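What follows is each chain in one-letter form.
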Amino acid sequence: MRGEEEPEEASLVGLTIRTSSPASSSSKKGKDLHTNDASDSSPSIKNSPFNSPSLVSPPSSAFVSALQSPYISPRATQPITTTHKPSPPVSYKGSQSEDVPSSSYTPPSDQYEFSDDPSDRKLKLSACTPDPAPPRISFSFPVPRVSLAKVSVSSPATNTKLRSSDVFIGFHGQNPNLVRFCKWLKSELELQGIACFVADRAKYSDTQSHEIADRVICSVTYGIVVVSCSSLLNYLSLEEVRFFAQKKNLIPIFYGTGPSEIMGLLNCNAIDKECKEAIDGLIKSHEFKLEANESNWRSCVAKTATILRGKLGRKSVVDKETVDRIDELPFPRNRSFLGREKEMTEMEIAFFGNGEYLESTTPSTKGEASGQSEGLADEESDVVSTRNGKFISLELGKCSEPRSEAWSDPNGGKNSLKRLLKTKKYRNSNNCKGSTSVVCVNGVPGIGKTELALEFAYRYSQRYKMVLWVGGEARYFRQNLLNLSFSLGLDMSADAEKDRGRLRSFDEQEFEAFKRIKRELFRDMPYLLVIDNLEIEKDWWEGKDLNDLIPRNTGGTHVLITTRLPKVMTFDTVQLSVLPSSDAMVLLRGRRKKDYPAEEVEILKLFEEKLGRLSYGLWVIGSLLSELSIPPSALFEAVNKVQIEERSASPFVNLNDEQYCKSNPFVAKVLAFVLAVLEQAEGNRNLLSLKMLLVGAWFAPVPIHVNLLAAAAKNMPTSGNRFSKWNKCLSHTFAWCGGCGLGRRSEEDAAFLLVRLGLARMTNRQPGCWIQFHPITQTFARRRDYILAPKATVQGVRKIDNPLLNLDHLWASAFLVFGFKSEPPLVQLQAMDMVLYIKRTALPLAITAFTKFSRCNSALELLKVCTNVLEEVEKSFVSQIQDWRQGSLCWKKKTSKKVDEYVWQDVTLLKALLLETRAKLLLRGGHFDSGEELCRTCISIRTVMLGHNHELTLAAQETLAKLVRMRSKI
């Protein structure tokens, strides 16, 4: 035959298994399997309907046959007679879920078979005819099988190239959380540059899948076996443990169990020798103490990655190696959180299931598919034979039919080992999985939605790679999603998104930016994405649907949304109800948990009734009682005396917030009382805390640095005692505040006072001190002052040093100065102030949004609005000059024409800079005509103002030349 002269090749979609000729292998114990390049490609058979993972075995790795293993029993070292026949090509289909290879044909018998002649004890390769009861050499694994039968083949749609794996991850069980953990482990190791193959081989239903898994197991450097209670009931998991333990490269991870429980099984008389050997191998290999439970998943995965990275000599490719990041969650954990256990349980069941799942003790039923082993044989036989599958064993033994039960005692009863392990399982349930990956928590404002989401994130953070927290407010939601690139380590810049060979439109660039976020976020790596206070279902900027941002298949990521909306899309909803009376009373007693007499307790119940047992109002009252050392009766009387003024609605408060203020008058009285307390306690010295509260209402609903907040507050003028008319009726109450330490204080102390009074909360952002106001606090403060405070906020924003850390606040100031969509501008700036604002704030904001986050349309819209504003300023200057020329001589003497001319020059040159910037940005999106028109206008302005040879004029001419060249090429 031709095979006797030169090696035969069996191509597996880029993988070529070469069987050496007898002449070339005479000095070896067995057959060598080599891999060739993908250039020797051959047609492949159809893909299987079975679930198939993408196999990753490299062309450079040589799969070692189990016959070459030094752990084969000496009785299996007979001479080998080989016969070569052509091997058909085999194809594999990749999948994202599991590494389960597949084939669409019925595999013939194995290449390696044994003679059924009792007198002939030689191992040989025989024809592909099924043997009813062949003797076998039993080790843990089937021999890597290559079928010799000729089958018709067809080319698949994909031609996946196998690559080598450094680590094999084996597990067994139907628990969805176990599968989730193993996928996470694989993703984390591959993020570190370690190629992995994860498999529950009991789910494989064809011979080809087992062949591939066997080769991977024999070739990997280390083997990880995730040991759960069901693992010891599956012979394939025991095989993996025994094989890797004998090779001394086993790294066991105990999942939901421990070595002490596993060792306790050694006292069970019903377990066989193989099981005892596997348990002994687990205990001896438990040097790294890797034990995973639902409270340390993240730590266990990180520790495993560190161990393997050290053993394999890999450098860390990830900078963020810390298991618990300081600023991962926005706020410190609320140690006073109480109640909500029912809602917490609903959310846990929705995400992780109810803990009830069906564990299978056998891989499949008899005859389900060829090559699928049914279970371990009893102690009288070492043979496991299913149709044509032949396996290597430590000892020669008798043949027997596979049994449907994995272990059976001689009396025919159920194995005591199985009964023992079943005590650690839950009962069978049809609803065994988490039913959803997106959960919405809805309720009225102030009921405690954010607190519930925060507690859930802290309580279950170890089950996720990272917790990502974004604000869902309409104006800032898009930017907050793009800010996730910092946590995920992604480059969102427009320069990195350029296509080779063509310029992409702005819509394509923005789509690619979000696609990159989604691709990283929604895969097997588990993240918890918390969207806090989602205001609308559609994108505020472009009206895109929420489904464009959150796909149906979120991979391993869970999404938790808090919202006031009654329903968000078709997502599952957890409806929050008011706190029970007992929990409400605990919040009202404040942080000091002071005991009150019976008559004061009745007053607390009145507070509870007036506030509707909503968490926000209860917490503010409890904070006042704790900080002011005032009895409940006096506080209730003082709050009732507060008169709420009928003010016109603020143009910057939306209708929902305005309606909430009107429907909760007692909360409005409480917050008005707090403002009066701040003003009375600080007197007329500087009112720093009060000013910080008023200007903070106009910042974005994200953390604010205390220095920024104080800088804005100092720009706000002091306008007398706004609450002087209350001083007489509240004088008795303010007497309680005399010794409470609410006097003059530093910036951080002034901010901390707002936190102590329940109006804001500390955040985890570093460096420095950052606080964030509650949305209800901001709503009422906006109604209090919407003239001086917004202007002070805009002036304070100019002092921002790092735009990337304060993008939301920069956008908030832009909304105040320019207004957007149907909202009118709220802050009117003088010409020179407008020039400074555009130059120092708006222009850097637009450039950062475009270049760093690919927010092309938003940035260009902002620059266009700035240009229009400057044109209006120019028109006003022209009108002033005309009035000056036509006015009286007395009026001319009083007018400073010289100053106006300098400001006019600054406005005109800034307009030219905006036009040039817009032209450069339009160039990146292929809008050459519009860019050329803007650039020519810029050149005209600079030629008149600066001259032909000025460097700025020459720079604009270079931009114009580039636009012309690009347009001619297109």
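Quick caveat: nothing in here was measured; it's all calculated off a predicted structure. (Residues numbered from 1 in each chain as written. Predicted model: local features only at pLDDT ≥ 70, side-chain atom pairs only at ≥ 80, totals over all residues. Heavy atoms only, no water.)

(A) Region of the structure containing the overall build of the protein chain. Helix and strand content of the protein chain: 31 helices and 21 strands. Here the protein chain displays about 42,000 Å² of accessible surface, and carbon together with sulfur accounts for 50% of that area. (Helix = DSSP H or I, 4+ residues; strand = E, 2+ residues; numbered from the N terminus. Areas by Shrake-Rupley, 256 points an atom, 1.4 Å probe, with all protein chains shown as cover.)

(B) Quick peek at unusual backbone geometry. The omega torsion across Gln766 and Pro767 is -5°, close enough to zero to call that bond cis. Structurally, the position occupied by Pro767 is in the loop between β20 (760-762) and β21 (770-773). Phi angles above zero are rare outside glycine, and Arg340 is one such case at about 65°. Secondary-structure assignment places Arg340 in the loop between α6 (297-311) and α7 (341-352). Even without a glycine there, the phi angle at Ser629 is positive, about 50°. Structurally, the position occupied by Ser629 is in the loop between α15 (615-628) and α16 (632-641).

(C) Geometry of the nonpolar core. Val167, Leu189, Ile224, Leu624 and Phe818 are the most contacted members of the largest nonpolar core, which has 193 residues in total. Apart from residues no more than four positions distant in its own chain, Phe818 is found in contact with Pro825, Met834, Tyr837, Ile838, Ala842, Leu862, Val865, Cys866 and Val869. (Core = buried A, V, L, I, M, F, W, Y, C linked by side-chain atoms within 4.5 Å. Buried < 20%, exposed > 50% of the residue type's maximum accessible area, 1.4 Å probe, protein only. Contact = heavy atoms within 4.5 Å.)

(D) Layout of the pairing of strand β8 (residues 167-170). The alternating pattern of β8 places Val167 and Ile169 on one face and Phe168 and Gly170 on the opposite face, and all of these are buried. Summarising the sheet, β8 and strand β9 (residues 196-199) pair through four bridges and their orientation is parallel. Bridge pairing links Val167 to Cys196 in β9. Between the parallel elements β8 and β9, the chain passes through helix α1 (residues 176-191) in a crossover that is right-handed. Where β8 lies against strand β10 (residues 222-227), four bridges are found, and the strand directions are parallel. Pairing of Val167 across the sheet is with Tyr222, part of β10. (Pairing = 2+ DSSP bridges. Right-handed = clockwise from strand over helix to strand, strands pointing away.)

(E) Broad picture of the sheet that holds strand β18 (residues 572-575). In space, the five strands of this open sheet follow the order β15-β16-β17-β14-β18, with parallel pairing throughout. A single partner strand is all that each edge strand has here, and the edge strands are β15 (466-471) and β18. Each neighbouring strand pair of the sheet contributes to a mean axis angle of 20°, computed without reference to strand direction. The sheet contact formed by strand β14 (residues 438-442) and strand β17 (residues 558-563) spans five bridges and is parallel. In the sheet register, Val439 faces β17, and the bridge partner there is Leu560. (Axes fitted to C-alpha atoms, helices over the stretch in contact; angles between N-to-C directions.)

(F) A look at the environment of Arg589. Its location among the elements puts Arg589 in the loop between α13 (581-588) and α14 (598-610). Spatially, the C-alpha atoms of Arg589 and Pro632 are 9.4 Å apart, while their sequence positions differ by 43 residues. Residues contacting Arg589, with those up to four places away along its chain left out, are Lys594, Asp595, Tyr596, Val601 and Ser626. Looking at Arg589, its side chain comes within polar contact range of the main-chain oxygen of Lys594, at 3.2 Å. (Polar contact = N/O pair within 3.5 Å; in protein donor to acceptor, adjacent residues only side chain to side chain.)

(G) Looking closely at the packing of aromatic side chains. Under the defined criterion, the tally for this structure stands at 27 aromatic pairs. Look at Phe456 and Tyr460: their rings are 4.6 Å apart centre to centre, the planes differ by 45°, and that puts the pair in the tilted class. Note on Phe456: relative accessible area 0%, which makes it buried. Relative to Phe853, the ring of Phe486 lies with its centre 5.7 Å away and its plane at 85°, an arrangement referred to as edge-to-face. You can see Phe486 sitting in helix α11 (residues 484-488) and its partner Phe853 sitting in helix α26 (residues 831-853), a full 367 residues away along the chain. Judged by relative accessible area, which is 1%, Phe853 ranks as buried. Over the ring of Trp541 we find Arg855; its NZ or CZ atom is 4.7 Å from the centre of that ring. (Phe/Tyr/Trp six-rings, centres within 6.5 Å; stacked < 30°, edge-to-face > 60°. Lys NZ or Arg CZ within 6 Å of the ring centre and 35° of its normal.)

(H) Structural context of the confidence of the model for the protein chain. Averaged over the protein chain, the pLDDT score is 74; the fraction of residues at 70 or greater is 66%. Confidence scores differ between elements of the protein chain, with strand β13 (residues 395-396) showing the lowest mean pLDDT of 28 and β8 the highest of 96. Low confidence marks residues 100-161, where pLDDT is under 50. Its contacts with residues over four positions away, or in another chain, come to 204 contacts. Below a pLDDT of 50 lies the segment residues 358-416, which in the model reaches 163 contacts outside its immediate sequence neighbourhood of four places, other chains included. (pLDDT = per-residue confidence, 0-100.)

(I) Layout of helix α31 (residues 951-969). Taking 1.5 Å per residue as the helical rise, α31 with its 19 residues ought to reach 27 Å, and the 27 Å between its terminal C-alpha atoms agrees with that figure. For α31, the full list of buried residues reads Thr953, Ala956, Thr959, Leu960 and Leu963. The arc enclosing the buried residues of α31, seen along the axis, measures out at 120°, which places them on a common side. In this structure, α31 carries Glu951, Glu958, Ser968 and Lys969 as exposed residues pointing more than 90 degrees from its buried face. (Expected span 1.5 Å × (residues − 1). Arc of directions from axis to C-beta.)

(J) Broad picture of the pattern of salt bridges. Evaluation of the coordinates by the stated rule reveals 35 salt bridges. Across the pair Glu455 and Arg333 runs a salt bridge whose closest N-O atoms are separated by 2.7 Å. In this pair, Glu455 is assigned in helix α9 (residues 449-459) and Arg333 in the loop between α6 and α7, connecting sequence segments 122 residues apart. Classification of Glu455 by relative accessible area gives buried; the value is 6%. Between Glu343 and Arg340 there is a salt bridge, with the nearest N and O atoms lying 3.7 Å from each other. The buried category is assigned to Arg340, whose relative accessible area is 9%. Overlapping salt bridges bring together Arg201, Asp214, Glu239 and Glu240 as one network. (Salt bridge = Lys/Arg side-chain N within 4 Å of Asp/Glu carboxyl O.)

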